[in-house]
Amino acid sequence: MPSTLRALRAEAPLVAAVVAVTVAGTVLIARESSPGPLPLWTGLLLLTATSLPLLARRTAPAATVAAVVLGALLYQALDFPGGAATVPPAIALFSAMAAGRRRAALAGGVAWPAGTLLLGWFGLRPPGLQGAVWFLLWVAATLVLGEMSRNRREQLAAERERVAQVQRAQQEEARRRVTEERLRIARELHDVLAHSVSVVNLRAGVAEHLIDRDPEQARAALGDIRKVTKEALVELRGLLGVLRAVDGDGDGDGDGDGDADGDGDVGGGMDRLPELVRRAANGGLDVVLTLPDDHRELPRSVDLAVYRIVQEALTNIIKHAGAARAQVTVRRDGGDLLIEVRDDGAGPPQGGPPREGNGLVGMRERAVSLGGAFGVGPGPDGGFEVWARLPVRSVAL
């Protein structure tokens, strides 16, 4: 009910303007026409009453058309001056057509001229041919303009909906990218910290064991710890630089030590795999590394994924496998790059599937995010095997 009252109040200015125009126009026309059987003031009251249903032209367009057309025909039947009296029914027809009530508008558009014609046959101010043509054109133009208004309003609504859908899609895409970036940074942090902490823990144990018996070896272990922690700090600084760039605070801390590249990836690459092997060897793991002859043309995303997968696999071997030897093979397999990391350790417990922690999940996500595949399980000769297949069909090795 309150919404209906608000709608009626919104139409009040229009109805007041229609009443003022029709009354003023009728008074002017009456000066140049013969008087009718009733006083003019009764006609003006009837015009006002005929205009009042326009208050409901949006809430009840069909009823408005019926009431206004009947009032206009009654006005004509009482032989009051015409002309301005055509304004209220024209607005009613336009409003009904614009509201999509075509049947009501067309019915009124037929009933009004037909009633006027019948009244003319009975000798009540019969319109001439020119007047009849103009009258029909007036009714037709009113209906056409109402249809055009409806079409335009629907087009605008469709355009607004399309813009809203595009905005929603853009927001969803932005949220998806933020989520993916968070997952990527989480993987990077896990890989950097897990590998570095594992190596530091191992080398710290060696240094503690040899500090009295073999100070030189202990010093070398401490040097490895210093180097690993420095590299970890560089990579962490690069990741923080990526976060600052996302937040609009710049792309680094300005000390020139960062290792972030232009696309937001930090550290790592196949060129650094020999360094990983050397660290593993310092920890007592004999690693055989096999790389393709030319691996410098790889996309940055693939290059980093290879490094991180091998890094995490070696970290798991050092921490969990109890292995003495491992083999890392990176080779071309058709249009893909195949990564295989095998060890001679204990393998999965009781021959069952391995428990997937954050490291295995992160390696799988890296491979899948590039459109590749990932798998783990017992090695062909015992131990444990990690493999990943990354598509690089557009890159020549």
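A brief structural summary.

So, how was this worked out
- Residues numbered from 1 in each chain as written.
- Predicted model: local features only at pLDDT ≥ 70, side-chain atom pairs only at ≥ 80, totals over all residues.
- Heavy atoms only, no water.
- Axes fitted to C-alpha atoms, helices over the stretch in contact; angles between N-to-C directions.
- Helix = DSSP H or I, 4+ residues; strand = E, 2+ residues; numbered from the N terminus.
- Parallel < 35°, antiparallel > 145°, perpendicular 65-115°, else oblique.
- Contact = heavy atoms within 4.5 Å.
- Nonpolar A, V, L, I, M, F, W, Y, C, P; charged D, E, K, R; others polar.
- Expected span 1.5 Å × (residues − 1).
- Buried < 20%, exposed > 50% of the residue type's maximum accessible area, 1.4 Å probe, protein only.
- Pairing = 2+ DSSP bridges.
- Core = buried A, V, L, I, M, F, W, Y, C linked by side-chain atoms within 4.5 Å.

### Description of the packing of helix α8 (residues 273-282) against helix α9 (residues 300-321)
Okay, so step 1: Where α8 contacts α9, the two axes come as close as 10 Å, and the packing angle between them is 5 degrees. By the criterion of interaxial angle, the relationship of α8 to α9 is roughly parallel. Touching Leu273, Leu276 and Ala280 of α8 are Val306, Tyr307, Val310, Gln311, Leu314 and Ile318, all from α9.
Okay, so step 2: Grouping the amino acids of the contact of α8 with α9 by side-chain chemistry returns eight nonpolar, one polar and no charged.

### Details of helix α3 (residues 61-77)
Okay, so step 1: The end-to-end C-alpha distance of α3 is 24 Å, a good match for the 24 Å that 17 residues give at a rise of 1.5 Å each.
Okay, so step 2: Every buried residue of α3 is listed here: Pro61, Thr64, Val65, Val68, Val69, Gly71, Ala72, Leu73 and Tyr75.
Okay, so step 3: Just past α3, the residue aspartate 79 takes up positive phi, approximately 65 degrees.

### Regarding the pairing of strand β5 (residues 384-391)
Okay, so step 1: Here eight bridges tie strand β3 (residues 336-343) to β5, and the two strands are oriented antiparallel to one another. Paired with arginine 342 across the two strands is glutamate 385, which belongs to β5.
Okay, so step 2: Pairing between strand β4 (residues 373-378) and β5: six bridges, direction antiparallel. Pairing of proline 378 across the sheet is with phenylalanine 384, part of β5.
Okay, so step 3: If you look at the hairpin formed by β4 and β5, you'll find five residues sitting between the two strands, and glycine 382 has a positive phi there, around 95 degrees.

### Looking at the nonpolar core
Okay, so step 1: Core analysis: the largest hydrophobic core is formed by 34 residues, its most contacted members being Val306, Val310 and Ile339.
Okay, so step 2: If you list the elements that add at least two residues to this core, you get α8, α9, β2 (325-333), β3, α10 (358-369) and β5.
Okay, so step 3: Considering each element in turn, this core owes the most residues, 10 residues, to α9.
Okay, so step 4: Sequence-distant contacts of valine 306, that is, excluding residues within four places in its chain, are made with Met270, Leu273, Val330, Leu337, Ile339 and Leu390.

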